[in-house]
Amino acid sequence: MATDQQKELQKLYGSVPSDVDDEKLDQAIAASERVVRGPAGLLLAQARLDESTSEPFVLLDNACGTGPIVAHLQEHIDRKLLSKSKIVCADFNANLVDMVKRRATKHDWVAVETAVVDAQHSAFPEKVFSHVTINFAMHIITKPEAVLQDTMRLLQPGGLFAFSVWHKDMKGWSPDLRSCFEALPFDAPMPNPVPMAIHGKPQWTDPDGIEKELRSHGFENIQVKTSSYIVCVHSAEEYLQSYRMMKDWMVNTYWTEDSKQKAQNMLDDHIVKHLKDKYNGQGWDLNCLKEGVLPSYHYGAPINVECMNRSIETGEHIQDAKNEIEWIPFPVCNETGKSLEFNYGVEGEMNCTIPMIDDPFFHLLEFYIHSDAPLACRLPARPSAHVEMVGEKPHEQEFIPLVFALAGTLQLSHLHISTHLNILLHSTPKHHIHPHDSGVLDSGAAYSTSPLSHMDGSFTKRLVIGDPLPLSFSVRWFPTPALPKTDGKVEWQGMGGHIYASTVFYALVSFIAGVLVSGVYFFGIILPKRLKGRGLGGATPLGYGVNGVGNGWGYSKRLD
């Protein structure tokens, strides 16, 4: 049974007119695509339908709305390949399907068909589609389980189903609309939080719940990804245009008739004025550039290491065609078959054996060890943001430096290198109330340990060209950029153990006792022996230092 929220939202979708003029149609499509076009591209990339696509495909875009999936394909896939493929844009709302038809004709889309279809029980033949997509509908459709069953029937063997929903914690448009409602002089309720699972089934807006549903319906090789999404709003008027349906949904679902009556002929003007005052007449970003909105690393997330590409002749960094420093992946580790990566918040010991040191890398190691050019690497401060900035350039990926201080000695025919390194990584202060909280990288350091231990043969490697290089790492994480002691509290025990008042007392007593014993020994035994047969000046530290500069320890070779 449909919920009240679902019924009201479906009424609004059903009221969308299709017989508007071209200008209004373009405005409606632009308002929709400001919100859903970016995620459509992410969805298609996960479905492996992007610029890399080389084989024809048969796609059903269910609940296609105004056609953002189809529009993205038309712009990003080769036209010849599209002509060999087939795209069916289907929706239960005939008005939306008509809008897609008009878009296809106006923009000369290739290989696009349309159909008015209920995704819960379509009439398409079995096993005809290589791909099925649904962009932002599985959290709205009354029976998403029926959609899964029908999709399984429609897919070819090995076919791929990709869909997107709003995350249960998504805020987006709601904080601004809530502040507008709260500023009204009458009761204007709005739920907090706004329910993302419109059909009343919260598992469909939770990553774990979605995976369980898919698995229980026979889907395999499941990947559920949570992506942060950013929309740039240029003005208060644009916000109202883009989220008018959400505003009407809140009013129709939660307001009393009395409140609706009071809001007539004034609500839109109130929203525009309130947002202009709130943002000083400027544009703003929804979910943009604020901590906790751009993506953060979750516990265990892989963090790839990439390093500065250097010339083997001079050690100088290499630049690309844009005169920017060229970064390349850290060498592949035998143990994983992948380039070196760390996992967010995961401490422990790890190995990375580089299978063979060739001649170019050997010469680079000489630069690294001699510190002529450091092994300068970097880590992404946060996962890549999936961003749509209408009219703006995307948020640029930020990195933190991680310089590997490699220790060793150079010889004519070989080198000794300390193969064990400590890796210290700092996260920015976030929550970290629980051990597995998410966060963002702040800084890091990497350095060799026991660089002189080649005398004993431990933690070092005698290396010649052609040898493997067995590196080992001790990885430790700090939850803040601060050193272990902050605000007088010992947050990290370092070498182990605690410091108590009794420890300080015993250390002080031991120090005083040691001074007394040393004094008695020196003045009672050593000093009389040295004074015997000598002038006072030659025996005192002052006289010894003045009369014999260069003969004491620390200056030159000993002279007997």
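Residues numbered from 1 in each chain as written. Predicted model: local features only at pLDDT ≥ 70, side-chain atom pairs only at ≥ 80, totals over all residues. Heavy atoms only, no water.

Draft legend 1. Structural context of the sheet that holds strand β19 (residues 460-463). Judged by pairing direction, the sheet is antiparallel, and its three strands sit side by side in the order β15-β16-β19 without closing on themselves. A single partner strand is all that each edge strand has here, and the edge strands are β15 (408-410) and β19. Averaged over all neighbouring strand pairs, the angle between strand axes comes to 20°, with direction disregarded. Bridging between β15 and strand β16 (residues 415-418) involves three bridges; their strand directions are antiparallel. Paired with L410 across the two strands is L415, which belongs to β16. Here helix α13 (residues 359-370) sits on the sheet and contacts β15, β16 and β19; the angle it forms with β16, its principal contact strand, is near 65°. (Pairing = 2+ DSSP bridges. Helix = DSSP H or I, 4+ residues; strand = E, 2+ residues; numbered from the N terminus. Axes fitted to C-alpha atoms, helices over the stretch in contact; angles between N-to-C directions. Contact = heavy atoms within 4.5 Å.)

Draft legend 2. Seen up close, unusual backbone geometry. Cis geometry marks the peptide bond from N192 to P193; its omega dihedral reads 5°. Tracing the backbone through its elements, the reader meets P193 in the loop between α7 (174-182) and α8 (207-216). Unlike most non-glycine residues, F136 shows phi in positive territory, near 60°. Residue position: F136 is located in the loop between β4 (129-135) and α6 (144-154).

Draft legend 3. How the structure looks around the state of the cysteines. For the structure shown, the criterion picks out three disulfides. The disulfide partner of C307 is C377, and the S-S distance across this bridge is 2.0 Å. Where C307 bonds to C377 through sulfur, the torsion about that S-S bond is close to 90°, and the disulfide is right-handed. Pair noted here: C307 is in strand β9 (residues 306-308) and C377 is in strand β13 (residues 375-380), with a separation of 70 residues, a long-range link. C377 gets classed as buried once you look at its relative accessible area, which sits at 2%. For C333, the disulfide goes to C352, at an S-S distance of 2.0 Å. (Disulfide = S-S within 2.5 Å. Buried < 20%, exposed > 50% of the residue type's maximum accessible area, 1.4 Å probe, protein only.)

Draft legend 4. Structural detail: the environment of Q74. In this fold, Q74 is placed in helix α3 (residues 68-76). Assessed through its relative accessible area of 14%, Q74 is described here as buried. Measuring from C-alpha to C-alpha, the distance between Q74 and V112 comes to 9.6 Å, with 38 residues separating the pair along the chain.

Draft legend 5. Up close: the side chain of N135. Among the structural elements, N135 can be located in strand β4. A distance of 3.4 Å separates a polar side-chain atom of N135 from the backbone oxygen of V36. Here the side chain of N135 touches S164 through a polar contact of 2.6 Å, side chain to side chain. With residues up to four places along the chain from it excluded, the contact list for N135 reads V36, P39, A40, L43, N62, A63, P68, I69 and S164. (Polar contact = N/O pair within 3.5 Å; in protein donor to acceptor, adjacent residues only side chain to side chain.)

Draft legend 6. Geometry of the side chain of R178. In this fold, R178 is placed in helix α7. Apart from the residues within four sequence positions on either side, R178 is in contact with M190, P191, N192, P193 and V194.

Draft legend 7. Representation of the pattern of salt bridges within the structure. A complete count under the given rule lists 22 salt bridges for this structure. One salt bridge connects R103 with E33, and the closest N-O pair in it is separated by 2.8 Å. Of this pair, R103 sits in helix α5 (residues 94-106) while E33 sits in helix α2 (residues 22-46), and the two are 70 residues apart along the sequence. Across the pair, exposure class does not vary: R103 and E33 are buried alike. Where K247 meets D248, a salt bridge forms, and the shortest distance between an N and an O atom there is 2.9 Å. Classification of K247 as buried rests on a relative accessible area of 7%. (Salt bridge = Lys/Arg side-chain N within 4 Å of Asp/Glu carboxyl O.)

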